[in-house]
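Notes for the structure review
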Amino acid sequence: MEDDLIKAREQIDRIDSELLDLLNRRMELATEVGRIKVSKGIPLFHPEREEIIFQRLAELNSGPLSEESLRSIYREIFAASRLLQYKLRVAYLGPEWTYSHLASLAIFGHSASYLPCNSLEEVFDSFLKGKAHLAVIPIENSLQGGVGHSMDLLYEREVRVVSECYLEIAHHLCAGAPNLAEIKHLYGHSQAIEQCRRWLLENLGHADHAECGSTARSALLAKQDPNGAAICNLYAAHHYGLHILAERIEDHPGNTTRFLALGNYTNSPTGSDKTSILFAVSDKPGALHDALSSLASINMTRIESRPNRLFSWQYLFYADLEGHRDQPHLKAALDKLAEKVTFLKILGSYPRSDPARPFRIEKEKIRMDNRQAGEQT
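Here is a short report on the structure shown in this document. (Residues numbered from 1 in each chain as written. Predicted model: local features only at pLDDT ≥ 70, side-chain atom pairs only at ≥ 80, totals over all residues. Heavy atoms only, no water.)

1. A closer look at the overall build of the protein
Along the protein, the regular secondary structure elements total 13 helices and 15 strands. A globule of 377 residues ought to have a C-alpha radius of gyration of about 21 Å, and the protein, at 23 Å, matches this closely. Each principal axis of the C-alpha atoms in the protein carries an extent, and together these give about 70 × 60 × 35 Å. In the protein, which comprises 377 residues, the share counted as buried stands at 47%. Partitioning the intrachain contacts of the protein with sequence separation of at least 6 by distance along the chain shows that 77% fall at a separation of at least 24. (Helix = DSSP H or I, 4+ residues; strand = E, 2+ residues; numbered from the N terminus. Rg over C-alpha atoms; globule rule 2.2 N^0.38 Å. Buried < 20%, exposed > 50% of the residue type's maximum accessible area, 1.4 Å probe, protein only. Contact = heavy atoms within 4.5 Å.)

2. Side note on the nonpolar core
Counting residues in each nonpolar core, the largest one holds 37 residues, and the members touching the most others are F108 and L167. Residue assignment for this core shows that the elements contributing at least two residues are strand 1 (89-93), helix 4 (99-108), strand 3 (134-141), strand 5 (160-168), helix 9 (215-224), strand 9 (228-232), helix 10 (234-240) and strand 11 (256-263). Among the elements that take part in this core, helix 4 stands out by supplying seven residues, more than any other. By size, the runner-up hydrophobic cluster in this structure holds 24 residues, among which are L120, A132, M151 and V161. (Core = buried A, V, L, I, M, F, W, Y, C linked by side-chain atoms within 4.5 Å.)

3. Looking at the packing of helix 5 (residues 120-128) against helix 6 (residues 148-156)
Following both chains from N to C, one finds helix 5 and helix 6 inclined at 35°, their axes separated by 10 Å at the closest point. Like other packed secondary-structure pairs, helix 5 and helix 6 cross with a definite hand, here right-handed. Contacts between helix 5 and helix 6 involve L120, E121 and F124 from the first element and H149, S150, L153 and L154 from the second. (Axes fitted to C-alpha atoms, helices over the stretch in contact; angles between N-to-C directions. Left-handed = near helix turned anticlockwise from the far one by under 90°.)

4. Examining the sheet that holds strand 9
A sheet is described by the order of its strands in space; here five strands give the open sequence 8-7-9-6-10, paired in mixed fashion. Edge positions in the sheet fall to strand 8 (208-212) and strand 10 (243-246), since each has one partner strand and no second. Between one strand axis and the next, the sheet turns through 35° on average, direction left out of account. Both strand 6 (residues 172-175) and strand 9 contribute to a ladder of four bridges, which runs antiparallel. For L173, the partnering residue across the bridge sits in strand 9 and is I231. Seen against the sheet, helix 9 touches strand 6, strand 7 (185-189), strand 8 and strand 9 and runs at an angle of roughly 160° to strand 9. (Pairing = 2+ DSSP bridges.)

5. Some thoughts on the environment of H238
The residue H238 is located in helix 10 in this model. Residue classification places H238 among the partly exposed positions, given a relative accessible area of 29%. As a C-alpha pair, H238 and R75 span 163 residues in sequence and 23 Å in three-dimensional space.

Put into structure tokens, the structure is as follows:
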């Protein structure tokens, strides 16, 4: 038995050595690609290229490596490759260990440099002022719909959508106190409290609620309050050394938030893309019907109206369309739409992600480390 184990480990060691050589060869080529991009003025970050690589590898993958594990591995390989070309800076709605932070990690990996911002306006402005190469914003939640503030800023600021990410939202009740009976105060983001309302009424009805700007802020306040608990993710709990009093307390399973990455360039088609637009119509009977008739041949995956903050009692429509703006059928439909609306802004075309397969943060090590941290406090 021991001989078999030794042989298996020796084979693993040989494979690891081969992988290391291959990875270094890949990094050398990535460095050369970066040099060529700079010399030709080509943007250094191209999510459509990364998606094409992954799709090709997913088709070749015969297992037992899962597609989710394959994507996680290559996310870090892509991040390490970018690091040799330049230090990618990404702005997001902070502080650290918010869901926006986790979504940014899901898109760009751990090798990027992250810039936490205090507001969505600051996220947009950090990107537009050159403090960050890219920005990540929440755009919609599967239970509560669109993030209106993000849609407002997409209208008001000149940015392009270059990528998307669906992130599973898993809420946990965490505290410095080791048991539920000691909790008198609950800290949480307003949306997190709403998404856990039934569980809270049944299990923590005696505690008063204090709304916070983020789940990470909630965790910090719970750390400072001996009788306080927070609704937060496991990374925030681990960071602040909190006990996990209850796991997955959200009322509805499958809670997912969609995030967008913002840049200043245009993606090439991948064959599996999405295009986001904003448009407005005149105030007359049938105007919206006429506009939507232009898109009758296009699969519209989402449409939502939003008050125009710059013009009272006028409305904007945010829509997601299947396909890339450069594909002939979609280009023709958008040209036709432009003739029937008073305003049209094409926010960008980008690789499409599957909402049925959101990014799920690996939790087991975090859970183990968190318990150890709790024992030490």
